[in-house]
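Here is what each chain is made of, one letter per residue.
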Amino acid sequence: MSCPFMSGERREDTISSSNNGSDGCDGGGGDAIQRAAGPSKEDNPALHYHKYLQLEKVLSSQQLESERQGCKVHDEHLFIVIHQVYELWFKQILYEIDSVRSLLSQVPFDERKQLVINQRMGRVVTIMKVVVEQIHVLETMTPMDFLEFRTYLAPASGFESQQFRVLENRLGIKPEWRVKYSKRNYEHAHKGELLAEIKRAEVDPSLLSIVQQWLERTPGLETSGFNFWAKFEAAANEMMRDILKDIEEIEDGHEKEAMMQEHNIAKESFSSVFDVEKHKAMLSRGDRRFSHKALQGALLISLYREESRFSQPFQFLTLLMDLDSLLMKWRLNHVQLVQRMIGGRPGTGGSSGYLYLKATASDRYKVFVDLFNLSTFLLPRKYIPALTPDMQRRLSIPYGKINGNVGNLHIPPALVETDREV
Ligand code: HEM
């Protein structure tokens with residue numbers, strides 16, 4: 001945020017009326033345009049730090065329930081502030097994720113937008129690091145201190161955080177993957193417009209589905225062109241044959257058996273990606289999330305990430321994993337805190353508390369779990385299929401002489417037939 005007191009000299013118009021990432025005054029590109037003749041102090045003489053940040057509302061929103069009921073408990077102030085801070089960060093994360101969803105869903109995709117997408121995802125990841133750490137502030141409160149005001153806040157519960165549910169849904173958590181809460185659906189904790197927004201977020205294109213569609217368009221997947229998948233399958237089979245040859249030469253019986261077992265597990269894993277039916281079965285169980293084609297795209301980007309055109313998409317995939325890891329760390333930190341504060345007692349929202357929350361810290365809540373598991377299928381460099389000259393050309397950054405659309409790329413007319421880099 002620019003300092004409000006700088007108006008009239010230098011002011012960054014980064015606050016847009018919409019969060020779709022493509023409109024507002026910053027051109028959707030994030031590189032805030034400095035408008036030479038921006039609004040001056042004279043345009044808005046009443047603007048003051050307190051007014052601009054609406055601090056009157058923000059700073060008067062810490063109403064201690066214990067105080068209202070005539071028995072003020074000191075630590076309740078911290079408890080309220082920390083939850084409010086969380087909700088503000090959730091709001092900012094949603095704002096950035098919505099913008100990324102919007103930018104990435106544009107077809108044809110202007111690959112120059114990858115930079116701003118990565119920048120915004122990087123911001124989400126940085127916020128998540130703060131969010132994960134700040135829960136420790138609450139550990140300065142003892143369980144006895146908490147017990148003093150816990151009854152005052154019941155039956156309110158973090159389970160009722162609407163933004164947290166919208167965030168999960170916007171990322172791509174499906175209702176059927178959720179851990180049941182006292183044998184009830186997670187929706188029961190919300191009503192009215194708040195519930196409607198959660199339901200909308202269930203059906204709107206999630207980040208997971210948008211990333212999937214984007215990956216399906218990865219250049220190099222076309223069977224009539226580079227045909228990555230056929231090349232990859234041949235390379236993986238060659239690697240497995242070489243491993244088998246090495247195993248056959250092992251003389252020690254125990255070692256040979258152990259290596260053979262390992263080999264069979266690897267073979268089974270590879271067959272789960274080469275056999276489309278097996279992949280579909282994993283999808284229906286929720287063990288895999290991406291379509292078969294999207295998985296191919298993710299693998300293609302990961303294996304050739306050093307090629308200029310794939311380096312930023314690869315960074316993006318890494319950020320998605322960072323986000324998932326940090327959300328998992330948040331769940332783990334939260335469940336540790338809960339056990340420390342209430343032990344095995346049920347939650348104020350009516351769940352079993354610790355046991356329910358422990359069950360949520362699992363792969364079923366990892367939206368981009370396929371990206372983590374991709375490592376199973378990475379090949380040592382010597383087996384990676386060589387790029388054809390045509391594929392090499394498509395993956396190099398200077399697009400000067402190319403006309404029109406190439407794979408994901410839409411080249412603006414102004415750049416066609418020039419030597420400018422996109
Ligand atoms: C003393 C500190 C805390 C305790 C004892 C606590 C306890 C609990 C419990 C027992 C639940 C399960 C639902 C229930 O039965 O109530 C829950 C859920 C939740 N809490 Fe906390 N919590 C604490 C701090 C926080 C903080 C600081 C946040 C930040 C926003 C938070 C956010 C949530 C969320 C989002 C859920 C839903 C999780 C899910 O269903 O996956 N909690 N909490």
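Residues numbered from 1 in each chain as written. Predicted model: local features only at pLDDT ≥ 70, side-chain atom pairs only at ≥ 80, totals over all residues.

Attention shifts here to the overall build of the protein chain. Looking only at helices and strands, the protein chain features 17 helices and 2 strands. Within the protein chain, residue pairs in contact and separated by at least 24 positions form 71% of the contacts whose partners lie at least 6 positions apart. (Helix = DSSP H or I, 4+ residues; strand = E, 2+ residues; numbered from the N terminus. Contact = placed C-beta atoms within 7 Å.)

This next bit is on the site of the ligand. Taken together, 25 residues lie near the ligand, and S157, G158, G347, G349 and S351 sit nearest. Listed by contribution, the elements that provide at least two residues to the shell around the ligand are α4 (76–104), α14 (308–342) and α15 (354–360). Of the residues belonging to the shell around the ligand, the class tally is 13 nonpolar, 12 polar and no charged. (Near = placed C-beta within 6 Å. Nonpolar A, V, L, I, M, F, W, Y, C, P; charged D, E, K, R; others polar.)

Glancing now at the nonpolar core. Counting 43 residues, the largest nonpolar core has V100, A298, L299, L300 and L320 as the members making the most contacts within it. Taken together, the elements giving at least two residues each to this core come down to α4, α5 (114–134), α9 (207–216), α10 (228–248), α13 (292–303) and α14. The greatest single-element share of this core, amounting to 7 residues, is contributed by α13. The contacts of L300, once residues within four sequence positions are left out, are T218, G220, L221 and F228. Counting residues in hydrophobic clusters, the runner-up holds 6 residues, among them Y181, A189, Y354 and L357. (Core = buried A, V, L, I, M, F, W, Y, C linked by C-beta atoms within 7 Å. Buried ≥ 20, exposed ≤ 12 C-beta atoms within 10 Å, placed from the backbone.)

Those residues of helix α7 (residues 162–171) that sit buried are R165, V166, E168, N169, R170 and L171. The elements touched by buried residues of α7 are α4, α8 (192–203) and α9. Of the residues one or two after α7, G172 is the one with positive phi, at around 135 degrees.

So, on to unusual backbone geometry. Put simply, V107 and P108 share a cis peptide bond, and its omega is 0 degrees. For P108, the location among the structural elements is in the loop between α4 and α5. The linkage connecting A154 with the following residue, P155, adopts the cis geometry, with an omega of 5 degrees. By the element assignment, P155 lies in the loop between α6 (143–153) and α7. For Q54, which is not a glycine, the phi torsion comes out positive at approximately 50 degrees. With respect to the element layout, Q54 can be found in the loop between α1 (49–52) and α2 (55–59). Positive phi values are uncommon outside glycine, yet N227 reaches one of about 55 degrees. Its location among the elements puts N227 in the loop between α9 and α10.

What follows deals with the packing of α5 against α14. It is at 9 Å that the axes of α5 and α14 come closest, and there the two elements cross at 20 degrees. The orientation of α5 relative to α14 falls into the category roughly parallel. For the crossing formed where α5 meets α14, the hand is left-handed. Between α5 and α14, the contacting residues are Q114, L115, I117, N118, M121, G122, V124, V125, M128, K129, V131 and V132 on the first element and Q312, P313, Q315, F316, L319, D322, L323, L326, L327, K329, W330 and N333 on the second. The class makeup of the residues in the contact of α5 with α14 is 15 nonpolar, 6 polar and 3 charged. (Axes fitted to C-alpha atoms, helices over the stretch in contact; angles between N-to-C directions. Parallel < 35°, antiparallel > 145°, perpendicular 65-115°, else oblique. Left-handed = near helix turned anticlockwise from the far one by under 90°.)

For the rest of this paragraph, the subject is the packing of α13 against α14. Between two packed helices, what matters for the description is the angle formed by their axes and the separation of those axes. Axis separation between α13 and α14 bottoms out at 9 Å; the angle between their running directions is 115 degrees. Crossing angle aside, the handedness with which α13 passes α14 is left-handed. For the pair α13 and α14, contact is made by A298, I301 and S302 and by F310, P313, F314 and L317, respectively. Looking at the contact of α13 with α14 residue by residue, the classes come out as 6 nonpolar, 1 polar and no charged.

Here we come to α13. For α13, which comprises 12 residues, the first-to-last C-alpha distance of 17 Å matches the rise-based estimate of 16 Å (1.5 Å per residue) to within 8%. Summarising burial for α13: 9 of the 12 residues are buried, a large majority. Buried within α13 we find A294, L295, Q296, G297, A298, L299, L300, I301 and L303. Tucked inside the fold, the buried residues of α13 contact α9, α10, α11 (253–274), α14 and α16 (369–373). (Expected span 1.5 Å × (residues − 1).)

This brings us to the environment of A235. Position of A235 relative to the elements: it lies in helix α10. With 149 residues separating them along the chain, A235 and I384 place their C-alpha atoms 6.8 Å apart. Apart from residues no more than four positions distant in its own chain, A235 is found in contact with L379, Y383, I384 and P385.

Secondary-structure assignment places M121 in helix α5. Here the alpha-carbon distance between M121 and V100, two residues 21 residues apart in the chain, equals 7.4 Å. Leave out the neighbours within four places in its chain, and M121 touches V100, F316 and L319.

Of the residues in the protein chain, 84% reach a pLDDT of 70 or more, and the chain-wide mean stands at 87. The model gives residues 30–34 a pLDDT under 50, and that stretch makes 12 contacts with residues more than four places away or in other chains. (pLDDT = per-residue confidence, 0-100.)

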